[in-house]
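# Architecture at a glance
Next come the chains, spelled out residue by residue.
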Amino acid sequence: MTPGAWLLASPWILALLVILYRYATRRPQLRDYPPATMGPLISVIIPARNEARNIERCVRSILATTYPSIEVIVVDDRSTDGTGELVERLGGGVRLVRGAELPAGWFGKQWALVQGYRAARGELLLFADADTKQEPELIARAVTALATERVDLFSVIPRQEMVTFWERLIQPHVFLALQARVGDLRRLNRTRIPWNAIANGQFILVTRSSYEAIGTHETVKNSVADDVMLAQTYVTAGRDIFLAHALHDMRTRMYGSLREIVAGWSKNLALGAPLMAPPVPWIRALLPYVMWMPALLWVGPPVLWAAYGWDFAAIATGASLITWIGIYAGERAPVRYALLYPLGAVMVAYIMIRSAWRGSSKVEWRGRTYRGSGSHRKM
């Protein structure tokens with residue numbers, strides 16, 4: 001192969017080195033913080049709408065925590081699948097709050113979280129999603145991290161569970177796209193740039209005083225990306241946020257089927273991505289329509305290699321395959337799925353395009369339809 005072919009393939013070789021380096025050096029790690037053995041009462045608030053599949057595993061994992069002082073509040077957001085009845089049978093001191101009718105202008109999750117907050121007694125508040133499983137030391141380590149870093153909001157990036165074919169094919173591609181924007185968490189922690197702030201709504205630990213000071217989830221009541229908006233609200237108010245990787249201490253399975261994957265990411269991507277871009281109107285307006293284009297970098301080389309046998313395309317395809325083997329290993333997904341990385345890229349491009357065209361005019365989730373929803377507030 002000629003030097004020119006290697007030069008043309010250099011962007012894919014560089015991507016290989018950068019991506020694998022980032023996976024190998026993920027910091028900070030929650031495991032760096034020892035578990036707290038004492039501390040203030042934590043109110044764990046779990047919003048649950050039609051979560052019969054997940055809620056028992058989630059609640060039991062939280063009740064198994066080594067942290068000595070918690071209360072668990074599940075807000076049944078008018079489920080139709082028996083979620084509330086399942087929670088009632090769990091016992092263990094779990095408190096069930098039957099959610100009130102959704103007010104106009106609210107997303108269901110934020111409304112459920114605010115109702116849980118109103119029932120909570122803790123000095124610390126932990127917002128946790130029903131599709132998560134916590135290891136016993138997660139909360140205890142998070143309390144240490146919150147205190148050690150002296151921040152008002154602490155969040156973690158968990159391990160993603162992928163069970164079905166479509167989960168294993170698509171999810172790593174979405175996570176890579178998100179990581180490409182987020183980058184090193186150390187760059188985000190204690191940021192003073194609001195649009196650079198993020199949090200993971202699957203686990204957000206806050207002080208009650210700071211949560212009340214920023215106006216609770218009511219300030220982000222009409223945003224699909226409520227977790228990102230909450231973090232940005234904290235930063236706008238001059239408060240510190242901090243994130244850590246928690247691959248060993250928390251697992252989550254976001255979606256269980258292709259239908260759920262397409263619906264879930266279609267809801268989140270086009271409305272969430274602009275919030276993490278500079279607050280320049282034309283950039284935020286354009287971003288949803290171009291965010292699929294990096295998929296061409298993965299699809300192009302194997303197509304060109306198959307069609308024309310070009311040397312640079314063969315090198316780029318090989319570098320891409322090694323990259324995806326590393327990504328799948330890093331995400332703890334079966335590495336054999338890396339062989340299908342062009343198909344995964346095509347599927348994610350489709351979801352991104354679908355998300356952009358649907359926009360904010362109509363958002364469907366958990367049996368509800370929100371019209372004119374989403375917030376691209378300047379930050």
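The sections below set out a description of the structure shown in this document. (Residues numbered from 1 in each chain as written. Predicted model: local features only at pLDDT ≥ 70, side-chain atom pairs only at ≥ 80, totals over all residues. Heavy atoms only, no water.)

## Details of the overall build of the protein chain
In plain terms, the rule: The numbering of helices and of strands both runs from the N terminus, where a helix is a DSSP run of H or I of at least 4 residues and a strand a run of E of at least 2. For this measure, only C-alpha atoms enter the radius of gyration; the expected value for a globule follows 2.2 Å times N^0.38, where N is the number of residues. Partly exposed describes any residue whose relative accessible area lies between the buried limit of under 20% and the exposed limit of over 50%, with all areas from a 1.4 Å probe on protein chains only and scaled to the type maximum. Throughout, a contact is declared for two residues whenever any of their heavy atoms are within 4.5 Å. Areas reported here follow the Shrake-Rupley algorithm with a probe of radius 1.4 Å; residue values treat only the protein chains shown as occluding. Neither His nor the chain ends contribute to the count of charged residues, in which Lys and Arg are positive and Asp and Glu negative. The location of each charge is read from NZ of Lys, CZ of Arg, CG of Asp or CD of Glu.
Helices and strands together make up the secondary structure of the protein chain, namely 15 helices and 10 strands. Here the C-alpha atoms of the protein chain give a radius of gyration of 21 Å, agreeing with the 21 Å that 2.2 N^0.38 yields for 379 residues. Along the three orthogonal principal directions, the C-alpha set of the protein chain runs to about 70 × 45 × 40 Å. Taking all 379 residues of the protein chain together, 55% fall into the buried category. When contacts within the protein chain are restricted to residue pairs at least 6 apart in sequence, long-range pairs at least 24 apart make up 79% of them. Carbon and sulfur atoms provide 60% of the accessible area of the protein chain, an area that totals close to 16,100 Å². Across the protein chain, the mean location of the 43 positive side-chain charges is 3 Å away from that of the 30 negative side-chain charges.

## Remarks on the pattern of salt bridges
Keep this limit in mind: Think of a salt bridge as a Lys or Arg side-chain nitrogen and an Asp or Glu carboxyl oxygen that are within 4 Å of each other.
According to the stated counting rule, one finds 22 salt bridges in the structure shown. The partner of R253 in a salt bridge is E167, and the shortest N-O contact between them spans 2.7 Å. Highlighted residues: R253 in the loop between β8 (241-252) and α11 (258-272) and E167 in helix α7 (residues 165-182), separated in sequence by 86 residues. For R253, a relative accessible area of 22% gives the class partly exposed. One network of salt bridges, in which partners are shared, links R57, K133, E135, E161 and R251.

## Digging into helix α3 (residues 55-63)
The test is simple: Here the arc refers to the directions that run from the helix axis out to each C-beta atom.
If you check which residues of α3 are buried, you get I55, C58, V59, S61 and I62. Summarising the axial view, the buried residues of α3 lie within an arc of 160 degrees, below the 170-degree limit, and thus occupy one face. Among the structural elements, β1 (42-48), β2 (70-76), α4 (83-90), β5 (132-134) and α6 (138-149) are those in contact with the buried residues of α3.

## Re a nonpolar patch on the surface
Condition: Only residues above 30% relative accessible area that lack a salt bridge enter a patch, with like-charged residues linked at up to 9 Å and the nonpolar side chains Val, Leu, Ile, Met, Phe, Trp and Tyr linked at up to 5 Å.
Residues F165, L339, L340, L343 and V346 make up a contiguous nonpolar surface patch of roughly 420 Å² in combined accessible area. Note that L339 resides in the loop between α14 (311-330) and α15 (341-358). Given a relative accessible area of 61%, L339 falls into the exposed group.

## Structural notes on the packing of aromatic side chains
Which entries qualify depends on this criterion: Only centres within 6.5 Å qualify two rings of Phe, Tyr or Trp (six-membered ring in Trp) as a pair; their planes then separate them into stacked at under 30 degrees, edge-to-face at over 60, and tilted for everything else.
Applying the stated criterion across every chain, the model contains 14 aromatic pairs. Measuring from centroid to centroid gives 5.8 Å for F165 and Y337, while their planes differ by 50 degrees, and the two rings are tilted. With a gap of 172 residues between them, F165 in helix α7 and Y337 in the loop between α14 and α15 connect regions that are remote in the sequence. In this structure Y337 comes out as buried when scored by relative accessible area, which is 10%. Between W298 and W324, the aromatic rings sit 5.3 Å apart at their centres with planes inclined by 75 degrees, giving edge-to-face as the arrangement. With a gap of 26 residues between them, W298 in helix α13 (residues 295-308) and W324 in helix α14 connect regions that are remote in the sequence. The class of W298 is buried, set by a relative accessible area of 13%.

## Details of the pairing of strand β3 (residues 95-98)
The line we're drawing: At least two DSSP bridges between two strands are needed for those strands to be called paired. Looking down the strands as they point away from you, a crossover is right-handed if its path from the first strand over the helix to the second goes clockwise.
The pairing of β2 with β3 spans 4 bridges and is parallel. Each bridged residue has a counterpart across the sheet, and for V75 the counterpart in β3 is V97. For the handedness criterion, the β-α-β arrangement of β2, α4 and β3 is classed as right-handed.

## Re the sheet that holds strand β7 (residues 203-207)
This is how the line gets drawn: Angular values range over 0 to 180 degrees, each being the angle between N-to-C directions of two axes fitted as lines to C-alpha atoms, with helices fitted over their stretch in contact.
Spatial ordering of the open sheet is given by β3-β2-β1-β4-β7-β6-β8-β5, a layout of 8 strands whose pairing is mixed. With one partner strand each, in any of the chains shown, β3 and β5 form the two edges of the open sheet. The sheet shows a mean angle of 30 degrees between the axes of neighbouring strands, taken without regard to direction. Each of β1, β2, β5 and β8 touches α3; the most contacted strand, β5, lies at about 20 degrees to it. Packing of α6 onto the sheet brings it into contact with β1, β4 (124-128), β5, β6 (153-160), β7 and β8, and relative to β7 it is tilted by some 45 degrees.

## Looking at the pairing of β4
Burial analysis of β4 places 5 of its 5 residues in the buried class, which makes it a mostly covered element. Along β4, one buried face is formed by L124, L126 and A128 and the opposite face, lined by L125 and F127, is buried too. The sheet contact formed by β1 and β4 spans 4 bridges and is parallel. Bridge pairing in β4 places I45 opposite F127.

## Some points on the environment of I170
Mapped onto the elements of the fold, I170 is located in helix α7. In this structure I170 comes out as buried when scored by relative accessible area, which is 0%. Sequence-wise, I170 and I351 are 181 residues apart; in three dimensions their C-alpha atoms are separated by 9.9 Å.

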